[in-house]
Number of protein chains: 4
Amino acid sequence: MEGFSFSTEVRVRFAETDAQGIAHHASFLVWFEVARVAYLERHAGGYQSIRDGGIEALTTEVHVRYHRAASFDDRLTVWARCVDLRGARFRYEYAVERGGELVADGYTSHATVDRETYRPTRVPAWLADAVAAAEIEP
Amino acid sequence: MEGFSFSTEVRVRFAETDAQGIAHHASFLVWFEVARVAYLERHAGGYQSIRDGGIEALTTEVHVRYHRAASFDDRLTVWARCVDLRGARFRYEYAVERGGELVADGYTSHATVDRETYRPTRVPAWLADAVAAAEIEP
Amino acid sequence: MEGFSFSTEVRVRFAETDAQGIAHHASFLVWFEVARVAYLERHAGGYQSIRDGGIEALTTEVHVRYHRAASFDDRLTVWARCVDLRGARFRYEYAVERGGELVADGYTSHATVDRETYRPTRVPAWLADAVAAAEIEP
Amino acid sequence: MEGFSFSTEVRVRFAETDAQGIAHHASFLVWFEVARVAYLERHAGGYQSIRDGGIEALTTEVHVRYHRAASFDDRLTVWARCVDLRGARFRYEYAVERGGELVADGYTSHATVDRETYRPTRVPAWLADAVAAAEIEP
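The rules we used
- Residues numbered from 1 in each chain as written.
- Chains lettered and ligands numbered in written order.
- Predicted model: local features only at pLDDT ≥ 70, side-chain atom pairs only at ≥ 80, totals over all residues.
- Heavy atoms only, no water.
- Contact = heavy atoms within 4.5 Å.
- Buried area = accessible area lost by both parts, 1.4 Å probe.
- Salt bridge = Lys/Arg side-chain N within 4 Å of Asp/Glu carboxyl O.
- Helix = DSSP H or I, 4+ residues; strand = E, 2+ residues; numbered from the N terminus.
- Expected span 1.5 Å × (residues − 1).
- Buried < 20%, exposed > 50% of the residue type's maximum accessible area, 1.4 Å probe, protein only.
- Polar contact = N/O pair within 3.5 Å; in protein donor to acceptor, adjacent residues only side chain to side chain.
- Nonpolar A, V, L, I, M, F, W, Y, C, P; charged D, E, K, R; others polar.
- Least-squares fit on C-alpha atoms with pLDDT ≥ 70 in both.
- Pairing = 2+ DSSP bridges.
- Axes fitted to C-alpha atoms, helices over the stretch in contact; angles between N-to-C directions.

(A) Here's a closer look at the interface of chain C and chain B. Each side of the interface is counted separately: chain C has 18 residues, and chain B has 18 residues. Together chain C and chain B conceal approximately 1,500 Å² of surface at their shared face, both sides included; 55% is due to carbon and sulfur atoms. Three residues stand out in chain C for area buried against chain B, namely C:R13, C:F14 and C:F72, and they jointly supply 39% of the buried area on that side. Counting the contacts that link chain C with chain B gives six salt bridges. Residue B:R11 is joined to C:E41 by a salt bridge in which the shortest nitrogen-to-oxygen separation is 2.9 Å. Sorting the residues of the side of chain C that touches chain B by element identifies strand 1 (7-11), helix 1 (27-44) and helix 2 (47-52) of chain C as the ones contributing at least two each. The element contributing the most residues to the side of chain C that touches chain B is helix 1 of chain C, with six residues.

(B) Geometry of helix 3 (residues 125-136) of chain D. In a regular helix each residue adds 1.5 Å, so twelve residues correspond to 16 Å; helix 3 of chain D covers 16 Å between its end C-alpha atoms and thus fits that length. Against helix 1 (27-44), helix 2 (47-52) and strand 3 (75-86) of chain D lie the buried residues of helix 3 of chain D.

(C) Focus on the pattern of salt bridges. Scanning all chains against the criterion turns up 52 salt bridges over all chains. Of the charged contacts in the structure, one is a salt bridge between A:R13 and D:E16, with a shortest N-O distance of 2.7 Å. Here A:R13, found in the loop between strand 1 (7-11) and helix 1 (27-44), pairs with D:E16, found in the loop between strand 1 (7-11) and helix 1, and the two come from separate chains. For A:R13, a relative accessible area of 11% puts it in the buried group.

(D) Local environment of the interface of chain A and chain B. Counting residues at the interface gives 24 residues for chain A and 25 residues for chain B. Around 2,000 Å² of area is buried between chain A and chain B when both sides are counted, 52% of it from carbon and sulfur atoms. At the junction of chain A with chain B, the criterion picks out zero salt bridges. Applying the counting rule to chain A against chain B returns 18 residue pairs in polar contact (both at pLDDT 80 or more). Mapped by element, the contributors of at least two residues to the side of chain A that touches chain B are helix 1, helix 2 (47-52) and strand 2 (55-66) of chain A. Classifying every residue of the side of chain A that touches chain B by side-chain character gives twelve nonpolar, six polar and six charged.

(E) Fine view of the relation of the copies chain C and chain B. Take chain C, turn it by 180°, move it 0.0 Å along the axis, and it overlays chain B with an RMSD of 0.0 Å. Each copy turns onto its partner about a two-fold axis. Ranked by how close their C-alpha atoms come to the rotation axis, the residues of chain C are headed by C:V10, at 5.5 Å. Most of the interface of chain C is mirrored in chain B, where 100% of its interface residues are also at the interface.

(F) A look at the sheet that holds strand 2 of chain A. Here we have ten strands laid out as an open sheet, ordered 1(A)-3(A)-4(A)-5(A)-2(A)-2(B)-5(B)-4(B)-3(B)-1(B), and antiparallel in their pairing. At either end of the open sheet lies a strand with only one pairing partner, and these are strand 1 of chain A together with strand 1 (7-11) of chain B. For this sheet, the mean inter-axis angle between neighbouring strands, taken without regard to orientation, is 25°. In this structure, strand 2 of chain A lies alongside strand 5 (residues 101-114) of chain A, joined through eleven bridges in antiparallel fashion.

(G) Structural detail: the environment of A:R11. Here A:R11 shows up in strand 1. Between the C-alpha atom of A:R11 and that of A:T77, which follows or precedes it by 66 residues, the distance is 8.7 Å. Of note is the side chain of A:R11, whose polar atom sits 3.2 Å from the backbone oxygen of A:D73. A polar contact is formed between the side chain of A:R11 and the side chain of D:E41, at a distance of 2.8 Å.

(H) Representation of the relation of the copies chain A and chain B within the structure. With an axial shift of 0.0 Å and an RMSD of 0.0 Å, the rotation relating chain A to chain B amounts to 180°. Interface residue correspondence from chain A to chain B reaches 100%, placing this contact among same-surface, isologous pairings.

This is how it looks when you write it as structure tokens:
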């Protein structure tokens, strides 16, 4: 997928389908989250290590466009990239692909807060550096 | 909530919370759906009657902005209105409120398709009329 | 429902259905939880007040038997009663009913632990008393 | 895990946690289902092929015992075996393991029905044979 260098695989679970016979639209937000977690594991020591550092990343905005239905047992590739990381905010963009076809795309915006006070706190430099390095890679 | 004439109540379930101690962000899409279903029940004989008429409403786009966290057992008011209903497409707008404070807002876009062929099919006139009447009401 | 004096209502959400066209079997555990929460609100000041008291109730066992399928938009009555409350353990029994028909029944077992140490801690006397009083009522 | 010859891996998703900071107890039913689907893919051509054959497998009973909490990002091994397959009924048993420790165990019972009429229908011979062969393997 052009412009993306990271992806992870998910397989549509039966519990994620609905009575339309397709994956429920809210499932895509869960898969986006799975992709963020996998991205952070690859590039920045994992989401848990961020949480262990006393920082929580809240979701402040989500957007998804659905181009094709996904069905039970489909193998989906979820592409993810981190963009616009600055201060206490960052954004991810996603593309969900199945066999070369675009199933959905979207973005999520996040704010980092102190885990105790829930006050905005800057993205730690080590995390910002790790993400910047990841996105410069081809 | 200004501009809205319909709302429904939801209460944050424990299963809808996550390890951040707040409602998971994907839960809001489920609550939007609960509000759409309640809206259609009030104004158009119910979503099931639309499905019984051989029509399925697919979700083609969602957008949510999160302004405040929602916690376990919170009582939330989900305001919903149908906008831009034309041809085989319609859009809902939402505002989630708790004690006069805006918790989240967003929209969802939908396309009506034939339940067998999954081809786009116009929103039935009776449904369009019912929704138009609902939104003209004060 | 014979032997039960408390119930709460749930309505099957579209997100709770699966590609079999019926409510996913895991949804019943969520409805059982909704019933426990409502039960505690009615009889013991609410689950949140128990959590505020530094106690967490872990789920240690669940059992569900499914007698009939539940469908989208079904109105279900979830009957719940607390049984066998002793020491740091208690159990709930449930019956899910729709129009006089038994849809499912089951039980869940729980252990109360200190919220910080996660060590077993006795169910507080005030809670035990409240539950005992509730179950003696006709 | 003694007595099991098949397992699949799941990783606890953030969306599967709750405000107790651990995986919600209903998530285990979803993981059991993931294991059943993986089992059928390995041994019997996949659950979808069974559905394509006009058969639906309903869940008639579930039982889970929780021995340890599972946390976000935990890698869990879900062991599964098919037992008591006869007529239109079969049962699966499960053990969820993390680093050699038993996290949970349980079983699920199922009934095969005709996909159109929802009447009980015998488990097809080819499926029974495939499962029998799988469970005889060491």
